[in-house]
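Listed below, chain by chain, are the residues.
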Amino acid sequence: MSARATTTGGTTGELNADVVVGRGTFELRARLRVGPGEVLAVIGPNGAGKTTLLRSLAGLLALREGHIEVGGTRWDDPAAGLFVPTTDRRVGLVFQDYRLFPHLSVLDNVAFAARSRGARRTVARAAAAEVLAVVGLQALASRRPSQLSGGQAQRVALARALASGPAMMLLDEPLAALDARTRLEIRAELRRRLAEFAGPSIVVTHDPLEALVLADRILVLEDGRIAQTGTPSEVARRPVTEYVARLMGLNLYSGRLIAPAQGRIALDGGGELFASPTDLPVDARVLAVLAPTSISLHLGELPAGSPRNVWSGTVSGVELLTDRVRVAVSGAPDALVDVTAAAVAELRLSPGQPVRLSAKATEVTAYPAP
């Protein structure tokens with residue numbers, strides 16, 4: 001958690017929330033704290049509750065139980081009969097589709113929050129001009145949204161959120177609508193602006209790279225519950241669910257430690273793996289991760305001096321990724337293996353083909369299951 005100086009106003013304070021909310025048959029239960037100057041990325045599969053969480057914090061959806069408090073001020077507390085509407089919450093909102101007012105100039109879009117709170121037009125515009133200067137958009141002040149590129153529009157949306165003097169920033173898939181090149185540019189700027197903001201920030205994203213780059217901490221939602229939380233490094237290196245492992249590009253296995261000195265693990269799905277020796281007790285429940293790039297794939301007998309982890313399988317799928325080919329193998333255990341396109345051509349890999357897999361024990365990371 002970090003304390004940072006703000007360049008855009010707002011009151012420094014912690015977000016303390018216990019969110020219990022229902023939508024139809026779906027229920028979200030999530031307890032979270034986000035400190036001053038801290039950026040929390042919320043990731044999860046579709047339907048996990050990410051948008052529901054954001055809508056609750058913004059005041060677009062009332063809690064059924066729990067509370068929302070920012071900087072010591074309560075915004076929602078059903079037990080006390082308290083609910084502060086969105087318009088009265090000091091929240092800066094940034095959406096993936098920008099939601100700029102098409103009939104207003106960039107300057108007046110950024111000035112809108114102050115105007116809606118009763119500020120005179122000249123005062124609101126002066127404050128908006130200062131924010132545009134800070135984020136380097138003063139040259140666009142007179143343009144309408146239709147005259148902006150996607151990257152420019154998202155910068156304006158961010159400026160508008162910061163100009164409102166927020167106590168908290170909420171960003172919903174802020175880069176999803178941008179092309180790859182623009183996304184790279186805006187991601188760097190977004191990271192810089194959030195680093196300058198003194199209040200708590202929450203970024204909802206489906207992109208693991210955005211979460212890793214933007215956030216101080218990551219929270220994983222699955223089925224309306226918090227599945228994992230930790231620093232980007234902790235989540236990337238030690239996922240606790242299959243969803244997180246696949247998102248981070250790892251094979252994840254659960255099992256029981258049967259020989260700690262050898263790092264020998266009996267896997268729940270069948271088969272065994274050897275990891276580095278551990279001081280965990282016999283029969284301890286563990287998770288083990290293995291990167292697809294750490295697995296070697298063979299068609300025939302393995303060469304002498306092969307790693308301790310050797311098993312057989314059958315190719316079940318071949319998928320071209322950006323710079324490599326991912327081969328799905330069914331076996332005990334199943335595995336995703338990354339190889340080069342040249343290797344696929346040389347080995348003539350295709351579904352149904354029997355293969356042999358190998359991996360060094362030092363490439364298998366084992367840790368206690370939660």
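Up top is the structure these notes are about.
The rules behind the values
Residues numbered from 1 in each chain as written. Predicted model: local features only at pLDDT ≥ 70, side-chain atom pairs only at ≥ 80, totals over all residues. Heavy atoms only, no water. Helix = DSSP H or I, 4+ residues; strand = E, 2+ residues; numbered from the N terminus. Buried < 20%, exposed > 50% of the residue type's maximum accessible area, 1.4 Å probe, protein only. Contact = heavy atoms within 4.5 Å. Axes fitted to C-alpha atoms, helices over the stretch in contact; angles between N-to-C directions. Parallel < 35°, antiparallel > 145°, perpendicular 65-115°, else oblique. Left-handed = near helix turned anticlockwise from the far one by under 90°. Nonpolar A, V, L, I, M, F, W, Y, C, P; charged D, E, K, R; others polar. Pairing = 2+ DSSP bridges. Phe/Tyr/Trp six-rings, centres within 6.5 Å; stacked < 30°, edge-to-face > 60°. Lys NZ or Arg CZ within 6 Å of the ring centre and 35° of its normal. Polar contact = N/O pair within 3.5 Å; in protein donor to acceptor, adjacent residues only side chain to side chain.

To continue, consider the overall build of the protein. A tally of helices and strands in the protein yields 9 helices and 21 strands. Along the three orthogonal principal directions, the C-alpha set of the protein runs to about 80 × 50 × 40 Å. In the protein, which comprises 370 residues, the share counted as buried stands at 49%. Of all intrachain contacts in the protein linking residues separated by at least 6 positions in sequence, the fraction that spans at least 24 positions is 65%.

So, about the packing of helix 4 (residues 150-163) against helix 5 (residues 180-196). Where helix 4 meets helix 5, the axes come as close as 10 Å, and the angle between the chain directions of the two elements is 15°. The orientation of helix 4 relative to helix 5 falls into the category roughly parallel. Here helix 4 and helix 5 pass one another in a crossing that is right-handed. Touching Gly151, Gln154, Arg155, Leu158 and Leu162 of helix 4 are Thr182, Glu185, Ile186, Glu189, Leu190 and Arg193, all from helix 5. Here the contact of helix 4 with helix 5 is built from residues that sort into 4 nonpolar, 3 polar and 4 charged.

The subject of this paragraph is unusual backbone geometry. The omega torsion of the bond from Ala332 to Pro333 falls at 10°, within 30 degrees of zero and hence cis. At Asp223, a residue that is not glycine, the phi angle is positive and equals roughly 55°. With respect to the helices and strands, the residue Asp223 is situated in the loop between strand 10 (217-222) and strand 11 (225-230). The phi dihedral of Arg348 falls on the positive side, at around 55°, and the residue is not glycine. Within the fold, Arg348 resides in the loop between helix 9 (341-347) and strand 20 (354-359). For Arg348, a relative accessible area of 68% translates into the label exposed.

Turning our attention to the sheet that holds strand 16 (residues 296-298). The 5 strands are arranged 16-20-17-18-19 in an open sheet whose pairing can be described as antiparallel. If you trace the sheet from one side to the other, it starts and ends with strand 16 and strand 19 (335-339), each paired once. For this sheet the average axis-to-axis angle between neighbouring strands, irrespective of direction, equals 45°. Bridge count between strand 17 (residues 309-320) and strand 18 (residues 325-331): 7 bridges; the pairing is antiparallel. Each residue of the ladder has a partner; that of Gly313, found in strand 18, is Gly331.

All right, on to the sheet that holds strand 15 (residues 285-290) then. Whenever strands of a sheet pair, they do so through backbone hydrogen bonds, lying parallel or antiparallel. Taken in spatial order, the 5 strands make up an open sheet running 14-13-12-15-21, and their pairing is antiparallel. Sheet topology places strand 14 (272-274) and strand 21 (365-368) at the edges, where each strand pairs with a single neighbour. Strand-to-strand twist across the sheet, computed as the mean angle between neighbouring axes with direction ignored, equals 40°. Looking at chain direction, strand 13 (residues 264-267) and strand 14 are connected through 3 bridges and run antiparallel. Each residue of the ladder has a partner; that of Ile265, found in strand 14, is Leu273.

The next thing to look at is the packing of aromatic side chains. What the rule picks out here adds up to 1 aromatic pair. Stacked on the ring of Phe274, the Lys or Arg Arg308 has its end atom at 4.2 Å from the ring centre.

In this section: the side chain of Ser56. Residue placement: Ser56 occurs in helix 1 (residues 50-58). A distance of 2.9 Å separates a polar atom in the side chain of Ser56 from the backbone oxygen of Thr52. Ser56 has contacts with Val19, Val21, Leu61, Leu63, Ile68 and Arg89, leaving out every residue within four places of it along the chain.

What follows deals with the packing of helix 2 (residues 106-116) against helix 3 (residues 121-134). Packing of helix 2 against helix 3 brings their axes to within 8 Å, and their N-to-C directions diverge by 120°. Taken together, the axis directions place helix 2 and helix 3 in an arrangement best described as oblique. As for the relative orientation of helix 2 and helix 3, their crossing is right-handed in sense. Each of Val106, Leu107, Asp108, Val110, Ala111, Ala114 and Arg115 in helix 2 lies in contact with helix 3, whose residues at this interface are Arg121, Ala124, Arg125, Ala128, Ala129, Val131 and Leu132. Its residues assigned to classes, the contact of helix 2 with helix 3 comprises 10 nonpolar, no polar and 4 charged.

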